[in-house]
4 protein chains.
Amino acid sequence: MALLVEKTTSGREYKVKDMSQADFGRLEIELAEVEMPGLMASRTEFGPSQPFKGAKITGSLHMTIQTAVLIETLTSLGAEVRWCSCNIFSTQDHAAAAIARDSAAVFAWKGETLQEYWWCTERALDWGPGGGPDLIVDDGGDTTLLIHEGVKAEDIFEKTGQFPDPDSTDNAEFKIVLSIIKDGLKTDPKRYHKMKDRVVGVSEETTTGVKRLYQMQANGTLLFPAINVNDSVTKSKFDNLYGCRHSLPDGLMRATDVMIAGKVAVVAGYGDVGKGCAAALKQAGARVIVTEIDPICALQATMEGLQVLTLEDVVSEVDIFVTTTGNKDIIMLDHMKKMKNNAIVCNIGHFDNEIDMLGLETHPGIKRITIKPQTDRWVFPETNTGIIILAEGRLMNLGCATGHPSFVMSCSFTNQVIAQLELWNEKTSGKYEKKVYVLPKHLDEKVAALHLGKLGARLTKLSKDQADYISVPVEGPYKPFHYRY
Amino acid sequence: MALLVEKTTSGREYKVKDMSQADFGRLEIELAEVEMPGLMASRTEFGPSQPFKGAKITGSLHMTIQTAVLIETLTSLGAEVRWCSCNIFSTQDHAAAAIARDSAAVFAWKGETLQEYWWCTERALDWGPGGGPDLIVDDGGDTTLLIHEGVKAEDIFEKTGQFPDPDSTDNAEFKIVLSIIKDGLKTDPKRYHKMKDRVVGVSEETTTGVKRLYQMQANGTLLFPAINVNDSVTKSKFDNLYGCRHSLPDGLMRATDVMIAGKVAVVAGYGDVGKGCAAALKQAGARVIVTEIDPICALQATMEGLQVLTLEDVVSEVDIFVTTTGNKDIIMLDHMKKMKNNAIVCNIGHFDNEIDMLGLETHPGIKRITIKPQTDRWVFPETNTGIIILAEGRLMNLGCATGHPSFVMSCSFTNQVIAQLELWNEKTSGKYEKKVYVLPKHLDEKVAALHLGKLGARLTKLSKDQADYISVPVEGPYKPFHYRY
Amino acid sequence: MALLVEKTTSGREYKVKDMSQADFGRLEIELAEVEMPGLMASRTEFGPSQPFKGAKITGSLHMTIQTAVLIETLTSLGAEVRWCSCNIFSTQDHAAAAIARDSAAVFAWKGETLQEYWWCTERALDWGPGGGPDLIVDDGGDTTLLIHEGVKAEDIFEKTGQFPDPDSTDNAEFKIVLSIIKDGLKTDPKRYHKMKDRVVGVSEETTTGVKRLYQMQANGTLLFPAINVNDSVTKSKFDNLYGCRHSLPDGLMRATDVMIAGKVAVVAGYGDVGKGCAAALKQAGARVIVTEIDPICALQATMEGLQVLTLEDVVSEVDIFVTTTGNKDIIMLDHMKKMKNNAIVCNIGHFDNEIDMLGLETHPGIKRITIKPQTDRWVFPETNTGIIILAEGRLMNLGCATGHPSFVMSCSFTNQVIAQLELWNEKTSGKYEKKVYVLPKHLDEKVAALHLGKLGARLTKLSKDQADYISVPVEGPYKPFHYRY
Amino acid sequence: MALLVEKTTSGREYKVKDMSQADFGRLEIELAEVEMPGLMASRTEFGPSQPFKGAKITGSLHMTIQTAVLIETLTSLGAEVRWCSCNIFSTQDHAAAAIARDSAAVFAWKGETLQEYWWCTERALDWGPGGGPDLIVDDGGDTTLLIHEGVKAEDIFEKTGQFPDPDSTDNAEFKIVLSIIKDGLKTDPKRYHKMKDRVVGVSEETTTGVKRLYQMQANGTLLFPAINVNDSVTKSKFDNLYGCRHSLPDGLMRATDVMIAGKVAVVAGYGDVGKGCAAALKQAGARVIVTEIDPICALQATMEGLQVLTLEDVVSEVDIFVTTTGNKDIIMLDHMKKMKNNAIVCNIGHFDNEIDMLGLETHPGIKRITIKPQTDRWVFPETNTGIIILAEGRLMNLGCATGHPSFVMSCSFTNQVIAQLELWNEKTSGKYEKKVYVLPKHLDEKVAALHLGKLGARLTKLSKDQADYISVPVEGPYKPFHYRY
């Protein structure tokens, strides 16, 4: 692998696209700070006491401007940080440059190959002889996966002397993971064991990563405590919903300039992400059809005037397809072959397997015309008509636009900061076992409260008498755990 | 008390306003049946096996057309039913008449006095010498309260020989409750003990009633199992939200004919009910301001473009005030004195104590001009300007309009039917202790599924492969317990 | 005809349903005054100079609370007024009673027969020996029609001695018109000639009436000047649009209590009325389909995310049908036979001939079940399924609810007052020929300005420099005649 | 001036930024063609007869991808075309390159200086010795202005021998215009006379240009016929409204990535552009305040729930300012000094003088920090806080994004094609005098009809009987001239 780590004048490692964009990145970081009141309030509240002093944090999360503000919040609280992106297209190169130059070790650029992606992940985990990380910020769970797979392979190697075999899997990406672990084993057969022994915990950002964690918890294979940040109300009901309501049309516009009004759109899945996407498309004047497996979410869609049908019912009449399911095999080659000319197909849910990219790529005679990066027209030989795939089937809001805006990411990332603080402060208390936890409601409410002032909102105060009447403390939390918002 | 129970030719007891409206009620019940697919499907599925055979059910829930379809679903499954309303204004007299004539013992009319209200409640609970009820359908918890207070008083009486003293409380309504219990004690000092011994359980409809149940559970005073129907997703996220989105403007229009567009409205509280109300007002062209104590709900409001302020900030500029909090003392006399001439003040949340009706009524020199029933203009002597109070501060959608529409009540009431079935089927199994339970998610999803066909919605089916990928059964439930929808 | 005119103690004629409702009417009129700032400002501005002194005004316009405020504005400016409704279902009996008792001669009640309707119209035109009217306020043009047909018949009679023959037409309503004219001819063969000679002009409220006027202008048969109030911006773009957005759901809810969310609705016609209806239904959570003949309006619908199809495409899947076209034969018997059980069919556009009521009524074996007044279920013998027709196919917002709310009618009616003033003030100047006129834009802008204060709106003032830059006067009018708003 | 015209291998002149982007431009043009059904239908309908054979067309209109499809429609109908942009920032360089290479003489690039801008305009008008243009497509009227000013100067020169004096004006831009004319005079003192004698007519795209034309018509100075394309319904009620609803948020997102939800936005002006902007911002979750001078438009805003206030009322609480007025001096330096830190200020109305850019630039001590092209933060020395100005105060949707999307521009540009055809076909008939005309309604309806198929819309057909009933031809036009849509 010809990838070489570079070093700043101060000796910090990095690998980014173009260090000359650091000034531009810094300007946008400064703008973002004004939009991220929760993170800035965390700096004010916790900065003086340097709670992360001595903590080494590895992050794997879209290396955007917003993430830059998160990273610098962590460092301003005393942490040392190494970072990679969790998506090959999501890095904003000017953000990466600014952070690499000023604050943390970054290994990320827009348009990584899968090989490069995992190299970056491995670099972000490599704290050198001193060891580390102590904490992990994860998004989608790839960093957590690497450690868990590494430990598993080391166990087998210890018992049997066998190296993991990249050829044992058809999955192109998992092949690479196994290669990396294999290479690691050769230099240090306890590399991942040392890591997992040191890791105090991980805070996970998204639905997909959280699902993996709950599965590991269920299987008894989780190696360290995990905080499920995704299911903080101020994360999933804000970032997933309002973030996508903003960034889906942003991505569509930047990638295709297509008029949304008058079009027929299908949103596959009506969870928080789907709700945000459907709202955005409807408001922009599209007629929106939802596909769902869950009758409750389907009934919600109908109450908003959205038609609920199956993809098969409508595939040939739709102009814009958006997958938001968190599942796989949603839009298959057979669907795509029936679509209108220049139908737009994109994914804002989860991995690129929501769309059958493999089927498309390997379809005999298919022609790919790249309009511009992340916007490809795939032409079918049978009909000579084409469809437009955004971001190669990966998250289109990050691939074609700049992801979610700062304000809503401030909600999500303030949860991350609080989760990291909680894990670190309780590292020796035994409060957290090798399980998955959500943050307590009063912290969730605190995150929200930190964001109201910026918007000019003024809260009403509960009187003691009123608080007693509904049996809550005057200062909250105000709702039972099961409350759905 | 001059209230006399009447009897049908078949000997069933009742007390309604006007039996001649029974035909009209029947016609509207038949229309409603077409809009209530969940209840009708329950009749089809369970009717043949008569699962409620032998069960005596007392219900205390707004005696509307929709409730009529619920009652006749219960009777068509074999139950014997006695019913009262849970609100002095919410009865639809034609619905009451049709049910009284055809199906169940009803004690309810629109515009009861408080005295009459509790008389009706007591009648609905009185199953005569054979004893009963076996099951309770409750809304707001008044029937449950009466039994619990009755048992408490009987315990004291047994120990001390003392009757409850209506003069021991300032609360006008609780005075009446104590009087009723006192009267009961004189005829049968074990009346309520017998009841609670027989009651298999209660299913509770609303937030307010549920709160009372959780308090009793916490205090260890709950006397029988309870199923919290309110927190079924298909109840609270539908009836509370979409029901109020429909019935708030309906009530405003019927009561005042006021143009909503262009007006400034305050919605106090941004829970499910508040969200529905704010959406309705915004869509009708009002400018909506929200008051909230909970920072998370407040932040949700801002994301929808709603201003979040305190009542004090805006009280003199607002045209329409709506309380939805489930708390007390929201709009006080001092607020009302500062309002614009003909400001409309109404409550769709909970009891009439959301608005300081007592303060208003006892304000020296205040003049009440009844425009029409449930629409009063209260004129302040200081300014000779007035405000318009709907439904005397009680639930305006039930007092001024006809409550929630059939379709959304079908969701709620199908949960009620399932809850009642569950309690009855498990009456001897010990599955339910003296605690509060919610229905399992697969039943919640079933309720939703029963309502999709009517709307022409078509669900997508998960493949086994996809189900495994996200670790759920193919047939559901599809979401973890904590999922917020 | 057994209809007898009654008289107040002061000797003013009237015929209303129930004079005891006058107090109730007065209370609602007082509420409405607060919501009708344009009319109240007109009283303040013009009242002192009594400009209508000596003017006799006949009005034929829905006898509602809002119209009551219009009438009393006319009388407070000095006019003497006689009034009838322009729709057999639209009278609010309490409004009619209050006006009859206090202010003007009223001949109107809710639920007139056609025979009664035309009797009322004729009464409103009959100013007795002193002659009159001087001015006409018309809605739909029936009063104008009666005079024009009367004059035509008198001309024929004078030439040929022939009476009009009611049997010469199949149209049930026109038969009655001819009978009335025939009866008139017998007593006074110059009755309508005297009227048209005296009438200074008519101001017409609606699209339908305006169309008739332009046709008469084109044919050269128009007998007196007419002001087209409908096409004032502050009328057609407010009352038609925002009025219907309010009153369509109001009518649906009062008539059927049906849940709008989740339903499929067809709006036939996407003019101002159709736009208001479609917006209301969409916002309430329905899926709205539009039918249109005009490609421009159709394209507007698509830009709002509404599907544009033909009635035939969707007739069997729709829950709610609304006609808004101003044309005839929109929903025919054949359509109705294909509809879903309990589909709701209503008209908010124009006459009851938008729906094929005749076809329905005469369908062999059809059964009409009146749920309540203005809400009928018509059951087809072929299928035993039924559809629900509102207000017998007439304007459902007036038949099933209370029409448009006061605030928006204040815009429309302030235009009426200004138009009447204009006609009266210029009665001898020759400014107005026997043509159709619209009000000048500065009066239109004035009407709007009079309504802003009530809503707390504050206008920006143009500087002289800015006004020059865009070539308009500082004080307006601000737009060219062809501007579309 | 160092600007040099370049030539293609075929000898056609051009000056663009980067000819290597022609392939990319071509790909996007091909995508746009699918979205521009009206233009493509025009090619199909008129292409075979080559109606523009011999016509030389000069266009001055944003050189975007959509305009490229317009240009190639004109050339495919036989025209020869020279083109410049009408805005220094609006050119899409890949579109310019593709057209320059393949179809027409283009002089345009993104980021022209004013000097360069007018050089391009003059080049587009210069058809060499053969003379020309025959027809003008104008946007904002700069090309028309240059000819009119040229003719005026030549007249003075002929009479007095005096050259125009660039120093006679303070307006920086007009100085340049005078210089160009002066230079022209030196080489050919009849240059602009020859042009105006040859020009058959101009079709004008926007409100601003149209206003200028009506002023010239009123002054009697208009030199050739003009068709006002802006006031075609399918232009102003589509492009201005739905175009801006799309492109305003697009521009905001690309320039600033700011979250719109939760923000307070002011939209200055509530005409078609303002309505589109306000709708977009409201739907994205902002709280929108409107400023207006026109009471009718103000009242429309209130009916949509928007607050109408003056800029002074709210300037210090607003996050996003958008000017849409078509007037000047809307947001002045004094306003900007009172704004919140990082308030965003942008213009989507008209020229950059809606915002007091001169005041800002010349404010002592002001610091301009360019975040990225078209996104500048201006920092006030007094407070060290800054505001963010988009596109230097010019049209932000064209400067920061890509302008309106293809579909809605297809409506506008099909009107342009029809207008150009009309002028050309009637060039000798005398049908058009030196006045301003709008296209007849049946052509407007035709434009709409051409766009319905793409959206799957199906029109209802009027029967002869229905057409007669409303007195319109079966095939349209369906509305009177004054109809407002």
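Quick caveat: nothing in here was measured; it's all calculated off a predicted structure. (Residues numbered from 1 in each chain as written. Chains lettered and ligands numbered in written order. Predicted model: local features only at pLDDT ≥ 70, side-chain atom pairs only at ≥ 80, totals over all residues. Heavy atoms only, no water.)

(A) Region of interest: the nonpolar core. One finds L252 and L281 of chain C together with F52, M63 and W83 of chain D to be the most contacted residues of the largest nonpolar core, which totals 127 residues. For this core, the leading source of residues is helix α18 (residues 406-425) of chain D, giving eleven residues. Sequence-distant contacts of M63 of chain D, that is, excluding residues within four places in its chain, are made with A68, I71, W83, S85, S90, T91, Q92, A95, A96, I99, V106 and A108 of chain D. Judged by nonpolar contacts, the second largest core, of 126 residues, contains V16 and Y437 of chain A, L299 of chain B together with A261 of chain D. (Core = buried A, V, L, I, M, F, W, Y, C linked by side-chain atoms within 4.5 Å. Buried < 20%, exposed > 50% of the residue type's maximum accessible area, 1.4 Å probe, protein only. Helix = DSSP H or I, 4+ residues; strand = E, 2+ residues; numbered from the N terminus. Contact = heavy atoms within 4.5 Å.)

(B) Spotlight on the relation of the copies chain D and chain C. Superposing chain D onto chain C requires a rotation of 180 degrees together with a translation of 0.0 Å along the rotation axis, leaving an RMSD of 0.0 Å. Within this description, the copies of the chain are treated as partners about a two-fold rotation axis. Every residue of chain D has its C-alpha some distance from the rotation axis, and the shortest such distance is that of R484 of chain D, at 2.2 Å. A shared binding surface is used by both copies, with 100% of the interface residues of chain D retained as interface residues in chain C. (Least-squares fit on C-alpha atoms with pLDDT ≥ 70 in both.)

(C) Spotlight on the interface of chain D and chain A. Between chain D and chain A, the contact holds 38 residues from the first and 38 residues from the second. With both sides pooled, the region where chain D packs onto chain A buries about 3,400 Å², and carbon together with sulfur makes up 59% of that total. On inspection of chain D and its partner chain A, the count reaches six salt bridges. A salt bridge links D257 of chain D to R254 of chain A; its shortest N-O distance comes to 2.8 Å. In this assembly, chain D and chain A are joined by eleven residue pairs in polar contact (both at pLDDT 80 or more). Counting only elements with at least two residues in the side of chain D that touches chain A, the list comes to α1 (22-35), α11 (239-256), β14 (367-372) and α18 of chain D. A breakdown of the residues in the side of chain D that touches chain A according to their chemical character gives 18 nonpolar, nine polar and eleven charged. (Buried area = accessible area lost by both parts, 1.4 Å probe. Salt bridge = Lys/Arg side-chain N within 4 Å of Asp/Glu carboxyl O. Polar contact = N/O pair within 3.5 Å; in protein donor to acceptor, adjacent residues only side chain to side chain. Nonpolar A, V, L, I, M, F, W, Y, C, P; charged D, E, K, R; others polar.)

(D) Looking closely at the pairing of strand β7 (residues 201-204) of chain A. All names here are of chain A. Burial along β7 is two-sided: the face carrying G201 and S203 and the face carrying V202 and E204 are both buried. Of the strand pairs in this sheet, strand β6 (residues 135-138) and β7 are connected by four bridges, and their pairing is parallel. Bridged to I136 within β7 is V202. Taken together, the three bridges between β7 and strand β8 (residues 226-228) define a ladder with parallel strand orientation. Note on β8: the bridge partner recorded for E204 is N228. (Pairing = 2+ DSSP bridges.)

(E) Molecular detail of the UniProt feature "binding site: substrate" (unreviewed entry) in chain A. Residues and elements named next belong to chain A. Per the UniProt entry, the sites bearing "binding site: substrate" (unreviewed entry) are T64, D139, E205, K235 and D239 in this numbering. Among the residues examined, T64 registers a relative accessible area of 5% and is labelled buried. Apart from the residues lying within four places of it in its own chain, the contact partners of T64 are S90, Q92, A95, L398 and T402. The residue E205 is located in the loop between β7 and α9 (207-219) in this model. Leaving out residues up to four positions away in the same chain, E205 has contacts with L61, D138, D139, V229, N230, K235, D239, M409, S412, F413 and Q416. (UniProt positions renumbered as here; feature names shortened; annotations may be inferred.)

(F) Local environment of the domain arrangement of chain A. Residue and element names in this part refer to chain A. One can read the domain layout of chain A as domain 1 (6-234 + 404-443) and domain 2 (242-400). Looking at the side of domain 1 facing domain 2, the largest losses of area belong to F89, T208 and H404, adding up to 43% of the total buried there. If you look at where domain 1 meets domain 2, you find zero salt bridges. Put simply, domain 1 and domain 2 have four residue pairs in polar contact (both at pLDDT 80 or more) between them. It is α9 that contributes the most residues to the side of domain 1 that touches domain 2, three residues altogether. Residue composition of the side of domain 1 that touches domain 2, by class: five nonpolar, seven polar and three charged. (Domains from an automatic or database assignment.)

(G) Fine view of the sheet that holds strand β9 (residues 264-268) of chain C. Residues and elements named next belong to chain C. Spatial strand order, β11-β10-β9-β12-β13-β16-β15-β14: eight strands in an open sheet with mixed pairing. Since the sheet does not close on itself, it has two edges, and those belong to β11 (307-308) and β14 (367-372), each with one partner. Summarising the sheet, β9 and strand β12 (residues 320-323) pair through four bridges and their orientation is parallel. Pairing of A268 across the sheet is with T323, part of β12. Strands in contact with helix α11 (residues 272-283) are β9, β10 (287-291) and β12; relative to β9, the strand with the most contacts, it is inclined by about 170 degrees. (Axes fitted to C-alpha atoms, helices over the stretch in contact; angles between N-to-C directions.)

(H) Inspection of the sheet that holds strand β15 (residues 375-379) of chain A at higher detail. Reading across from one edge, β11-β10-β9-β12-β13-β16-β15-β14 (chain A) is the order of the eight strands in this open sheet, with mixed pairing throughout. Strands with a single pairing partner mark the edges of an open sheet, and in this sheet they are β11 (307-308) and β14 (367-372) of chain A. One ladder, built from five bridges, connects strand β9 (residues 264-268) of chain A with strand β10 (residues 287-291) of chain A; its direction is parallel. Its bridge partner being in β10 of chain A, V266 of chain A is matched across the sheet by I289 of chain A. The sheet strands contacting α1 of chain D are β14, β15 and β16 (386-390) of chain A, and the helix crosses β14 of chain A at an angle near 105 degrees.

(I) Spatial organisation of helix α7 (residues 172-187) of chain C. Residues and elements named next belong to chain C. The end-to-end C-alpha separation of α7 is 24 Å, in line with the 22 Å expected for 16 residues at 1.5 Å each. Within the span of α7, buried status applies to I176, V177, L178, I180, I181, G184 and L185. The inward-facing, buried residues of α7 contact α5 (114-125), α6 (142-160) and α8 (191-198). One side-chain oxygen of the residue at the start of α7 lies 2.8 Å from the amide nitrogen of E173, identifying that residue as N171. (Expected span 1.5 Å × (residues − 1).)

(J) A look at the packing of aromatic side chains. Counted under the stated rule, the structure contains 28 aromatic pairs over all chains. Centre to centre, the rings of F107 of chain A and W119 of chain A are 6.2 Å apart; their planes meet at 85 degrees, and the pair counts as edge-to-face. Separated by twelve residues along the polypeptide, F107 of chain A in strand β5 (residues 105-107) and W119 of chain A in helix α5 (residues 114-125) bring together distant segments of the chain. Looking at W119 of chain A, the relative accessible area reads 9%, which means it is buried. Judged by centre distance (5.3 Å) and plane angle (90 degrees), the ring pair of Y117 of chain C and W118 of chain C falls under edge-to-face. Summarising the burial analysis for this pair, Y117 of chain C and W118 of chain C share the class buried. (Phe/Tyr/Trp six-rings, centres within 6.5 Å; stacked < 30°, edge-to-face > 60°.)

(K) Examining the side chain of H246 of chain B more closely. Note on placement: H246 of chain B falls in helix α10 (residues 233-256). Leaving out residues up to four positions away in the same chain, H246 of chain B has contacts with P405 of chain B together with M253, D257, V258, M259 and I260 of chain C.

(L) The arrangement of the packing of helix α3 (residues 65-76) of chain B against helix α4 (residues 93-102) of chain B in detail. Residues and elements named next belong to chain B. Closest axis-to-axis distance for the α3/α4 pair is 8 Å, and the angle between their directions is 20 degrees. With respect to α4, the element α3 is oriented roughly parallel. Considering only the axes of α3 and α4, their crossing is right-handed. Contacts between α3 and α4 involve I65, A68, I71 and E72 on the former and, on the latter, H94, A95, I99 and D102. (Parallel < 35°, antiparallel > 145°, perpendicular 65-115°, else oblique. Left-handed = near helix turned anticlockwise from the far one by under 90°.)

(M) Spotlight on the pattern of salt bridges. By the definition in use, this model includes 139 salt bridges over all chains. The salt bridge involving R101 of chain C is made with D102 of chain C; its shortest N-O contact spans 2.6 Å. With a shortest N-O distance of 3.6 Å, K17 of chain D and D93 of chain D are connected by a salt bridge. Residue K17 of chain D is found in the loop between β2 (13-14) and α1, and its partner D93 of chain D is found in helix α4 (residues 93-102); the two are separated by 76 residues along the sequence. Judged by relative accessible area, D93 of chain D falls into the buried class, the value being 12%. One connected set of salt bridges, linked through shared partners, spans D23, R26, E72, R101 and D102 of chain A.

(N) Representation of the UniProt feature "domain: S-adenosyl-L-homocysteine hydrolase NAD binding" (unreviewed entry) in chain A in the model. On the UniProt side, "domain: S-adenosyl-L-homocysteine hydrolase NAD binding" (unreviewed entry) is annotated at positions that read residues 240-403 of chain A here. Across residues 240-403 of chain A one finds 34% helix and 23% strand; the C-alpha atoms that close the span lie 11 Å apart.

(O) Layout of the side chain of Q374 of chain B. Tracing the chain through its elements places Q374 of chain B in the loop between β14 (367-372) and β15 (375-379). When sequence neighbours within four positions are dropped, the list of residues in contact with Q374 of chain B reads F89, K110, I389, L390, A391, G399 and C400 of chain B.

(P) Molecular detail of the interface of chain D and chain C. Counting residues at the interface gives 68 residues for chain D and 68 residues for chain C. Of the roughly 6,300 Å² buried between chain D and chain C, counting both surfaces, carbon and sulfur atoms make up 60%. Viewed at the interface, chain C and chain D are joined by eight salt bridges. D465 of chain C is paired through a salt bridge with K328 of chain D; the nearest N and O atoms lie 3.1 Å apart. Linking chain D with chain C are 34 residue pairs in polar contact (both at pLDDT 80 or more), by the criterion used here. The set of elements that each furnish at least two residues to the side of chain D that touches chain C consists of α9 (207-219), α10 (233-236), α11, α12 (272-283), α13 (295-303), α18, α19 (441-452) and α20 (464-469) of chain D.

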